[in-house]
Each structure stands twice: as structure tokens, then as C-alpha cells.
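Coordinates in review
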Amino acid sequence: MPGLAIDAPSGLAEEATLAALLRCCVREVAGPRGLVWPAPPYLLLRVAGVLLRARTHGGAALRFDGPPERLRAGAWQPLSTDELVGLVEAELQGHNGEFAGQVAASRDAVAAILAARAGAVPPADPWLASEQALVYGHPFHPSPKARGGDGWLRYAPEAHAEFPVRLLGVREDVLAEEGDVAALDAMGRAPAGYRVLPAHPWQLDLLRPVLGGELLDLGPGPVVVPTSSVRTVYAPAAEVCLKFSLDVRITNCVRKNAWYELAGAVELTGRLTPVFEKVAAEHPATRWLPEPGHRSAALGTRLHEGLGVIVRQSPWAVCDPGVTPVLAAALALDAPAHDPLAWWRAYVTVVALPVLELYFTHGVVLEPHLQNVLVGLDASGTPAQAVFRDLEGTKLVTGRHDLGGLHPEVARALSYDAERGWARVVYCLLVNHLTEIAATVAGEDDGLLRELWRIARDLLARQAAGLGWPLPLSDLLAGAPLPAKANLGVRWARAADRAAGYVPIANPLA
Ligand SMILES: Nc1ncnc2c1ncn2[C@@H]1O[C@H](COP(=O)(O)OP(=O)(O)OP(=O)(O)O)[C@@H](O)[C@H]1O
Ligand SMILES: [Mg+2]
């Protein structure tokens, strides 16, 4: 068939976009209305009065086998993304003129990524290759790959981009920085009276700061490699990660480092250092990525935040020799489990137990979703360590830490009340993360999937006993519904990510 090869990316992009939107519909639209029915081998649902069906496996991860269909005039016919967008628009209250465009933009982006990957070489570094493996992105988001504006492909991790940062010189009297930023000074030379500030070239195009005087253009700097979050890059020569601001909406947020987040990262690094030491004494596989410093230019909030860069340690620096860090989200696509039960037991042990220890014993809320956790695999491919990252999403439980002395905005941004914190931990760890890994390990074997959850339950129950059966954990093990983040809902409402609600879903530990 002529044109088949050329159309392959758009066909795959349509399939993936439809699947992600349909998952959101099951979870957030039809599910809460009681309009989802298992009818093996199909799952049936009704959206805006129309009956839909798809073959699925993988439990709550909703992996689809074959094309989803809709009932029309008594016959099952293939469903398209555009049709499903129309049904969502008809079902949901209110009006959102952007929604269809965001879904379509995401589908176009996936097609462009697939086409670009066909001619690109993945990084030799296996960790970086895993960071760049997320072609389809978040599986429960209506527009996982939408990425505003033009020119994004040049900076896209999934297209195996790499590019030099732009070096700016910040005059010392307007330098804004805290903590250890020696890695930045090592990236280039600034004239006397100035300090080096690396900038993301895409962000410079968006911000267009006035150059000269307080802020100099020092030309291209070291080549960097974008990681899965797009805006955080790895600088191989300096062996550090740089988390930039990027004034682009990626999933639910415009990716700007707010001034209180710049300060919060350094503050949390100091506070978490002794905490993680204690956790690692109990759970020796635990690692994390400190964010020891940030730098920017004190030239008004727009530039202070827009040019603010956070220094983050490299995962290679924290893993033991012989252990290879791999992004959990990449393992959710392809888990190398020769002995699935042993592999999963090791996985849950290194990933889940320290998260619970941090919450219950230390009042620390991690955000351990698939993109914020790296799993260190040993030479046999078995999980040996877990590396937690992203201090923007890391919070301290209100009332359990003395935040006196901090700027009130900084303190507010790094605090979460216990209940919200627990919902976030359970969503990220169980719904976003372990559900996907389990589905991939089990494949189409539903019996194996049940066995995996029995193992997880035993491991969590043993830890619950060690922690004195804290109530939220007891409820979880007793089968309380899990909170699933409402990504479609927050996009439909055009609300801030922090306003996102949760919908209850069945608990596989029950
Ligand atoms: N399963 C997933 N859950 C959450 N985010 C995902 C998932 N898969 C892919 N992603 C992508 O990962 C990113 C997660 O955003 P998050 O706010 O954690 O990162 P960040 O703060 O921008 O950067 P970093 O993780 O480097 O600190 C988004 O770009 C999102 O689209
Ligand atoms: Mg992250």
C-alpha cells in the first residue's frame, strides 16, 4: 500500500492519543458516573450517551488490545480521537474552546516525535536513553505531549536532541543565588565583575531579556542533553543536572521555577540531607538527588524566575558502582523481568518502603510518580536502588517541621497538610507508578497480575506492622479506594495543577 510507511507515525500517534483520552474517560468521565462495565474480554463504557468498548488487560493501567469501538446504529465501528473529543465536550459541563486543540496538538507532537526518532541516534548512556524513551508520555492525560509554540523538536528529549546552553554573564550586583553553584562557574568564563549563568536557548527565545550592562551574552556553552521533563537537562562535562524554567505548558503546568521554589529547593536540600541518611540506615537502597544551589539575575520577578536555574546532582553520582539508573517511566514501557516475582519484590522493596518511611516517620511527602523516580538496576537487571528526585514536588507535612525563620511564601510552598500529602503519596506511588509497572511485568497474564499485588500487599503490611499500623496505611491495606489524579478534569477546567482533584478507583491491594 503506497504511503503506509509515511503514514505510520500519524497512525501510531492517533492510536496513542485515542488510548490516553479513553483512559481518562474511563477514570474521570464514565467511572464516577457509574457508566463503566467489565464485560470480558471487553470493557464497556458510556460517554454522552454513546456506548464504547475496548479489549483491555493490565488492571487499572487499562492497556488496550486492538482498536476501541463505538456503537452506531447497532454496529460496532472504530472510534477516533476527534469523535471521542466530541463526546467529552458533550458530556462535560461548561465549555472549553482550547481542549480539542490541545488534544490535536499532542497527537501532532507524537507523530513528529516518531518521525524524528526514526532518523536519530539514542544516547549511549543508558540512563539518558531511558529519559528519552517517553514517546507517548503520561498514559492518563488528555494531551500528554502538547508543547506550545514552534521549534520545540530541537529541544525534545524524545527526538534525542542535544544542544549547547547559552551562557549569560550576570553582573555581580544583580546576582541572585543561594547554596553551592560551583558547577555553574565551571561552565565558562565571565568577564571580571560578572558570573556565569547558563540559560536554556528555548527559554531565551521566549523571554527575550534585554542584553548588555547587567546581563551579557557570552555565547554558546557546554552541550547538554534534555531529560524526560524537557526543561531539566544533563550536562555531561560537568556531571550535573540543570533544572531550567521553561515558559511552556507541559501536561498541566507552565514550567517556571517560581522564586520561592528556587529558594525552597536549597532549603529542602539542607533539611532532607539528615532525613535521607536516617531512611537509608533503615532502607539501604535509598538514594535521592540533592539540589544544592540555584542562580539567577535579580532583574525583576519575570527574569529572576524565568532565568532561574537549579543545580541538581547526577544520578550516576549517587548510585553504587555497577548499578545503572533507569527512569521508572521507561521501565513501565519495558521491564526487563526474567523472574517476574523476584524482580517485582525487589522493585516494591526499594521504591515503596522508603516512601512510606519518609511520610510516616519523618513527615516528608515525596512525589514518587514514574517520572520522579529512577531505579538502579544491578548487572542482572534487578532493582537494587531507588533514586528519588524533584524537590519542587517534595513537601513537608504541616505541623511536623519547624518552618519558623523561612519566608512565609517559601514555607507555604514547601508544606502540605497530612491528608493532602497522603493522597499525593498514594496517587503517585500506587496509581501513577506501581500500577503501570505491575501491568508491564504481568503483560496479559491476569493471574500473574493478582500475584504481584499479593506480594506488594505482604511487603506493605510488614512495613505497616513495623510502623505501628498507622491509620491511613491500615485503611489502604484494608482496601480503601485509591485517589487517581483528574488530569482531564484539570485541563477541562483550565485550572492550576495544584487545584487538580482526585477520583476514586478500585484498590488492587484489597
Ligand atoms: N506517568 C507520568 N507521571 C507524571 N509525569 C509524567 C509521566 N510520564 C511522563 N511525564 C512527564 O514528566 C513530567 C513530570 O513533571 P514534573 O513536574 O514532575 O517534572 P519537572 O518538575 O518539570 O522536572 P524534574 O522532574 O526534572 O524536576 C512532565 O513533563 C510529564 O509530562
Ligand atoms: Mg519531575
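Residues numbered from 1 in each chain as written. Chains lettered and ligands numbered in written order. Predicted model: local features only at pLDDT ≥ 70, side-chain atom pairs only at ≥ 80, totals over all residues. Heavy atoms only, no water.

A short note on the coordination of the magnesium ion (ligand 2)
On the protein side, the magnesium ion (ligand 2) has Gln371 (OE1), Asn372 (OD1) and Asp390 (OD) as donor atoms, found 2.1 to 2.3 Å from it. One can describe the site at the magnesium ion (ligand 2) as irregular: its six donor atoms subtend angles covering 64 to 172° at the metal. Read in sequence order, the donor residues coordinating the magnesium ion (ligand 2) give the pattern Q-N-x17-D. Of the two residues, Asn372 sits in the loop between strand 18 (364-365) and strand 19 (373-377) while Asp390 sits in the loop between strand 20 (383-388) and strand 21 (395-397), which places them 18 residues apart along the sequence. You'll find Asn372 and Asp390 in the same group, each marked buried. (Donors = N, O, S within 2.8 Å, 3.2 Å for Na, K, Ca; no water. Tetrahedral: all angles 85-135°; square planar, octahedral: opposite > 155°, others 65-115°. Helix = DSSP H or I, 4+ residues; strand = E, 2+ residues; numbered from the N terminus. Buried < 20%, exposed > 50% of the residue type's maximum accessible area, 1.4 Å probe, protein only.)

Quick word on the environment of Pro123
By secondary structure assignment, the location of Pro123 is in the loop between helix 3 (99-118) and helix 4 (126-131). Distance from Pro123 to His160, taken between C-alpha atoms, is 7.1 Å for residues 37 residues apart in sequence. Excluding anything up to four places from it in sequence, Pro123 contacts Leu128, Ala129, Gln132 and His160. (Contact = heavy atoms within 4.5 Å.)

Details of the site of ligand 1
In the vicinity of ligand 1 there are 17 residues, among which Arg231, Thr232, Lys243, Arg255 and Arg312 approach most closely. A distance of 3.1 Å separates an oxygen atom of ligand 1 from a polar side-chain atom of Ser229. In this structure, an oxygen atom belonging to ligand 1 sits 3.0 Å away from a side-chain N or O atom of Gln371. Calculation on ligand 1 without its partners gives an accessible area of 640 Å², and the protein chains cover 92% of this total. Looking at the shell around ligand 1 residue by residue, the class counts come to three nonpolar, eight polar and six charged. (Near = heavy atom within 4 Å. Polar contact = N/O pair within 3.5 Å; in protein donor to acceptor, adjacent residues only side chain to side chain. Areas by Shrake-Rupley, 256 points an atom, 1.4 Å probe, with all protein chains shown as cover. Nonpolar A, V, L, I, M, F, W, Y, C, P; charged D, E, K, R; others polar.)

Regarding the packing of helix 11 (residues 340-362) against helix 14 (residues 446-466)
With their axes 10 Å apart at the nearest point, helix 11 and helix 14 run at an angle of 40° to one another. Helix 14 is crossed by helix 11, and the crossing has right-handed handedness. Only Leu448, Glu451, Leu452, Trp453, Ile455, Ala456, Leu459, Leu460 and Gln463 of helix 14 make contact with helix 11, whose side of the interface consists of Pro340, Leu341, Trp344, Arg345, Val348, Thr349, Ala352, Leu353, Leu356 and Glu357. The residue makeup of the contact of helix 11 with helix 14, split by class, is 14 nonpolar, two polar and three charged. (Axes fitted to C-alpha atoms, helices over the stretch in contact; angles between N-to-C directions. Left-handed = near helix turned anticlockwise from the far one by under 90°.)

Functional significance is not addressed by these values, which are geometric in nature.
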